[in-house]
Every structure is written in structure tokens, then in C-alpha cells.
Amino acid sequence: MSRALAATPSLPAYALYGEAGRTQATDWLHCETIRERSQRHDWEIRPHRHESLFQILHIHGGQAEVLLDGAQTALRGPCVLTVPALAPHGFRFAPDIDGSVITVLERHLVQLLSGAGTLATRVMRAQTLAWPRGAAPARALAQAVMQLRAEFFGTAPWRDVALDAALLSLVVALGRHLPEDSAEQPAAAGERALAHVRRFRELVEQRFREQPTLAALAAPLGITPTQLNRVCHQVLGHSALGVLHGRLVLEAQRDLAYTTLSVKQIALGLGFGDAGYFTRFFQRETGHTPSAWRAQAVR
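A quick note: this is a predicted structure, and the numbers were derived from the prediction, not measured.

Turning next to the pairing of strand β7 (residues 89–93). It is a general feature of regular strands that their side chains alternate between the two faces of the sheet. Along β7, 5 of the 5 residues are buried, which leaves the element largely enclosed by surrounding structure. Alternating residues of β7 divide into H89, F91 and F93 and G90 and R92, and every residue in both groups is buried. Pairing geometry for strand β2 (residues 44–48) and β7, over 3 bridges, is antiparallel. The partner of I45 across the bridge, within β7, is F91. As paired elements, strand β4 (residues 63–68) and β7 share 5 bridges and run antiparallel to each other. Residue pairing for β7: A64 is matched across the bridge by F93.

See below:
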């Protein structure tokens with residue numbers, strides 16, 4: 001458990017680890033045991049990141065080597081790790097690992113916490129928290145995780161509402177037990193780039209149907225379109241325009257798969273004045289026409 005986690009030529013971005021092809025069309029929350037996923041990969045989760053997912057790893061018992069935002073740490077449960085979107089992370093677990101990983105679509109959690117003051121800022125950071133076994137925080141977090149897992153794997157009525165309530169309960173418990181000195185420190189250059197990209201992606205989420213210019217999206221960040229492209233390449237490995245186009249494609253795929261809207265209606269709803277131009281855009285981005293993609297998706 002002491003050797004360094006294996007480096008990779010470039011940092012891959014996954015939905016769930018090893019599942020680059022998944023979409024977030026309907027998935028906003030996922031729960032599984034750490035053992036379930038890590039055992040498939042010989043107990044090692046190589047360094048990677050998630051572009052739009054926030055994760056909470058609760059280690060009830062067992063050992064792990066953790067690489068989180070460039071820092072490598074040896075851990076033993078009980079402990080909790082929070083991994084925000086875009087934060088590089090990797091793990092090597094001992095076979096005795098006992099714990100859960102909770103993955104939530106970051107924007108869903110941000111919306112849930114929109115009226116909770118500084119809670120989102122306090123919790124949605126890369127951090128590791130450990131307690132002595134039997135300590136009050138360890139018990140509170142374990143109970144909150146068990147409740148969330150029970151709702152996730154259950155089938156009781158109003159399950160989605162109960163999941164949101166259980167997720168909020170877990171995040172509040174986590175926020176209450178964070179140390180008081182966990183406030184944000186002044187950002188280094190890399191952290192500023194990451195902050196710019198996160199805010200840019202929030203703006204894209206709010207305005208993608210308008211198809212705004214990069215200048216209009218860069219202005220609220222206090223940077224130029226050139227700087228915006230630079231930080232997107234630095235953090236994401238692709239251009240700012242690629243982020244906007246990717247969001248348009250995702251929404252088009254959702255509409256094609258889950259609605260009966262015509263291609264023309266979908267195009268207009270996504271800010272395309274011409275259905276032919278939308279079709280060419282979609283085919284360039286996906287390799288399929290909208291009609292062909294829909295036929296595959298609904299089979």
C-alpha cells in the first residue's frame with residue numbers, strides 16, 4: 001500500500017470510473033460500495049477526473065492510498081473524502097476496504113444547496129476528513145450514508161424526494177463536522193483557472209439555449225475569450241467552444257431519446273434558426289444525423 005499510484009500519459013475524464021461513454025441524460029445520483037468498483041480494477045482506480053460529477057467516498061473501515069488534487073495520503077477508516085468535479089483523483093484500496101461511494105451530478109447538488117448560504121462552498125471542495133472510530137462525527141456520517149443507500153436501493157413511494165432529503169442530510173452532517181479552519185485559502189494560479197472553468201460551465205448551463213458568444217460568457221468572469229480558451233485547455237483539455245457545443249449535443253440527445261419533438265422543434269429550442277444547420281452540427285459532433293441517432297436510442 002505504499003508505492004505511488006500509477007501515472008497516466010493524460011488525465012482521462014469519466015462519468016463513473018472506466019465508463020467514458022455514459023451520459024447523464026437521466027442519472028443524477030449513483031451509490032455503490034467501494035469494493036464493487038475497485039475489485040473489478042484489481043483494487044486500483046487510476047488517476048482521472050469527472051467533468052460534471054461530485055463524489056463523497058465514505059470509508060467505514062480498511063486502508064487506502066489516496067491521490068487527491070496532487071497530494072497522496074494513506075488513510076484508514078473511518079474517514080470521508082469529498083471530490084469536486086474536475087479535481088484529479090485516484091485510489092489504491094486494500095482488499096479489506098469497507099465503504100461507499102456516492103456520485104451526484106454537481107449541478108443538481110448546487111441547486112439543492114442554493115438556499116444554504118456557504119454550505120456548498122464549504123463541502124464541495126477536495127478534502128479528506130478522518131475521525132477516531134466511535135467518535136460522534138464518524139457515527140453521524142455513517143448513519144447518513146446508510147439512510148441514503150437505503151433510499152437509493154429502495155422502491156418506496158416518492159423515492160426521488162426522499163433521495164434529495166437523504167442527500168441533503170448527508171451534506172449537512174458533513175458540513176457540521178468540518179473543522180472551522182476549512183475556509184477557502186487565497187487561490188493559486190491553477191486554482192484560479194479551475195474556478196474560472198467551473199463558473200464558465202455554470203454560465204453555459206444557464207445560457208446554452210441562447211448560444212451566446214464566448215465574449216459574452218467570458219465577460220462575467222472578468223477575463224477575455226482568449227484567456228477563457230486558455231483555461232479551458234489547461235483544465236479540460238479542449239476549447240471553451242467545445243464545452244458549449246458539448247452541452248448543446250447532450251440536450252439534443254436527451255430530446256431525441258426522451259421526447260417526440262421533431263428535429264425542427266428540437267433545433268429551434270436549442271437556438272438554431274435552421275433545422276438543416278442543426279442536422280449538420282449534430283452530425284459533425286456525433287457522427288450521426290439526429291434521425292439516425294434517435295433510431296438507435298429508442299431501439
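Picking up after the structure, the text goes on.
Summed over all chains, the structure comprises 7 aromatic pairs. With a centroid separation of 5.0 Å and an interplanar angle of 90°, the aromatic rings of F152 and F153 are classed as edge-to-face. With centroids separated by 5.2 Å and ring planes inclined at 40°, the aromatic side chains of F272 and F281 adopt a geometry described as tilted. The exposure class assigned to F272 is buried, which follows from its relative accessible area of 3%. Overall, F281 belongs to the buried group, its relative accessible area being 2%. Taken together through their ring pairs, the aromatic side chains of F272, Y277, F278, F281, F282 and W293 make up a single cluster. The residue whose ring lies beneath R159 is F152, and the NZ or CZ to ring-centre distance is 5.5 Å. Note that R247 overlies the ring of F208, its terminal NZ or CZ placed 4.2 Å from the centroid.

Reading across from one edge, β1-β8-β3-β6-β9 is the order of the 5 strands in this open sheet, with antiparallel pairing throughout. Looking at which strands have only one partner, the edges of the open sheet turn out to be β1 (29–33) and β9 (127–130). Between one strand axis and the next, the sheet turns through 10° on average, direction left out of account. The strands touched by helix α4 (residues 136–153) are β1, β3 (53–61), β6 (79–83) and β8 (98–105); relative to β1, the strand with the most contacts, the crossing angle is about 110°.

The rules behind each value
Residues numbered from 1 in each chain as written. Predicted model: local features only at pLDDT ≥ 70, side-chain atom pairs only at ≥ 80, totals over all residues. Heavy atoms only, no water. Buried < 20%, exposed > 50% of the residue type's maximum accessible area, 1.4 Å probe, protein only. Helix = DSSP H or I, 4+ residues; strand = E, 2+ residues; numbered from the N terminus. Pairing = 2+ DSSP bridges. Phe/Tyr/Trp six-rings, centres within 6.5 Å; stacked < 30°, edge-to-face > 60°. Lys NZ or Arg CZ within 6 Å of the ring centre and 35° of its normal. Axes fitted to C-alpha atoms, helices over the stretch in contact; angles between N-to-C directions. Contact = heavy atoms within 4.5 Å.

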